Amino acid sequence: MSTLAAESGNPLLPPLGEIIIGLIAFAVVMLVFFRFIAPRFEQVFRARREAIEGGIERAEAMQAEARAALEQYRAQLAEARTEAAQIRDQARAEGQQILAELRAQAQEESARIVARGEEQLAANRQSVVNELRGQIGALAVDLAGRVVGESLEDDARRRGTVDRFLDQLDGMAPGAPGDGRTGSTVFVPGGDR
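Everything numeric in this text was worked out from a predicted model, so none of it was measured. (Residues numbered from 1 in each chain as written. Predicted model: local features only at pLDDT ≥ 70, side-chain atom pairs only at ≥ 80, totals over all residues. Heavy atoms only, no water.)

## Overview of the overall build of the chain
Note the cut-off: Here a helix means four or more residues in a row that DSSP labels H or I, a strand means two or more in a row labelled E, and each is numbered from the N terminus. Relative accessibility thresholds used throughout: buried, under 20% of the residue-type maximum; exposed, over 50%; partly exposed, between the two (1.4 Å probe, protein chains only). For the area figures, the Shrake-Rupley method with a 1.4 Å probe applies, and any residue is considered shielded solely by the protein chains shown.
Each helix and strand in the chain was counted, giving 3 helices and 0 strands. Listing every helix and strand of the chain by position from the N terminus yields α-α-α. Every one of the 193 residues in the chain was classed for burial, and the buried ones make up 6%. Here the chain displays about 16,600 Å² of accessible surface, and carbon together with sulfur accounts for 60% of that area.

Now the structure itself:
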């Protein structure tokens, strides 16, 4: 038993053979770990890092694309607003031009209607004047014949007398107020022979 006690001097310290075998086993495990397992871990970590970095780059690229699309959308929206404002202004201008044309046409039509009315009025006036001249002439000749006591049936003579009388009536102007003249004259048929 004494050998057992001498050999087991420190119960916490394992025997030297076990330490050597443990060190060799540890070195083999470490060699296998660093030779096969660690590179595999490194590959997995690198792949994950690249995937994460790629995802970040893709996300940044997508954000850049989204920003570009947003800027393009804003530019198109501004362009559409500008175009809509131009169309609106053009429509207003065309509307004002159409209104001006319609007003001009209405004024032309109104002027044409007024001119036609004035022409008709002048024609009616002239026909009434001619008709009245004939009637007045006939009445004047008849009256003059009764006054004079002789017949004024000579057509040429009668027409000349009536025309002179009517010309004298047209040429008469009423006198100025207060000068004592009334603007009336007495006609004597055949008085200017």
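## So, the UniProt feature "transmembrane region" (unreviewed entry) in the chain
Counted only if it meets this: UniProt positions are given in the numbering used here, feature names are shortened, and annotations may be inferred rather than shown by experiment.
UniProt marks residues 19-38 with the feature "transmembrane region" (unreviewed entry), using the numbering shown here. For residues 19-38, the helix share is 100%, the strand share is 0%, and the end-to-end C-alpha distance is 25 Å.

## Observations concerning a negative patch on the surface
Heads up, the condition is: Each patch is built from residues that are more than 30% exposed by relative accessible area and take part in no salt bridge. Like charges join if they lie within 9 Å; nonpolar side chains (Val, Leu, Ile, Met, Phe, Trp, Tyr) join within 5 Å. Put simply, a salt bridge is a Lys or Arg side-chain nitrogen that is within 4 Å of an Asp or Glu carboxyl oxygen. Charged residues are defined narrowly, with Lys and Arg counted positive, Asp and Glu counted negative, and His plus the chain ends left uncounted. We put the charge of a Lys on NZ, of an Arg on CZ, of an Asp on CG and of a Glu on CD.
Taken together, the side chains of Glu 50, Glu 53, Glu 57 and Glu 60 make up a negatively charged region of the molecular surface. By secondary structure assignment, the location of Glu 57 is in helix H2 (residues 16-148). With relative accessibility at 53%, the residue Glu 57 sits in the exposed group.

## Some words on the pattern of salt bridges
If you walk through the whole model with that rule in mind, you get 3 salt bridges. Among the ionic pairs, Glu 71 bridges to Arg 74, the shortest N-O distance being 3.7 Å. Of the two residues, Glu 71 and Arg 74 are both situated in helix H2; the distance of 3 residues between them amounts to about one turn of the helix. Judged by relative accessible area, which is 47%, Arg 74 ranks as partly exposed. With its nearest N and O atoms 2.2 Å apart, the salt bridge here joins Glu 109 to Arg 112.

## What to know about the confidence of the model for the chain
Which entries qualify depends on this criterion: Values of pLDDT, which run from 0 to 100, indicate the predictor's confidence residue by residue. Contacts are residue-level and defined by heavy atoms, with any inter-residue pair within 4.5 Å sufficient.
Per-residue confidence for the chain gives a mean pLDDT of 81; residues scoring 70 or more make up 79%. Ranking the elements of the chain by mean pLDDT puts helix H1 (residues 2-7) last with 48 and H2 first with 90. Ignoring residues within four places in sequence, the model shows residues 1-6, a span with pLDDT below 50, making 0 contacts including any to other chains.

## Some details on the packing of aromatic side chains
The description of an aromatic ring pair rests on the distance of the ring centres and on the angle between the ring planes. Note the threshold: Two aromatic rings, drawn from Phe, Tyr or Trp (for Trp, its six-membered ring), form a pair once their centres lie within 6.5 Å of each other, and the interplanar angle then sorts them: stacked below 30 degrees, edge-to-face above 60, tilted otherwise.
Counted under the stated rule, the structure contains 2 aromatic pairs. Their ring planes at 20° and their centres at 6.2 Å tell us that Phe 41 and Phe 45 sit as a pair that is stacked. Placement of both Phe 41 and Phe 45 in helix H2 is noted, with a separation of 4 residues, approximately one turn of the helix. With a relative accessible area of 48%, Phe 45 lands in the partly exposed category.

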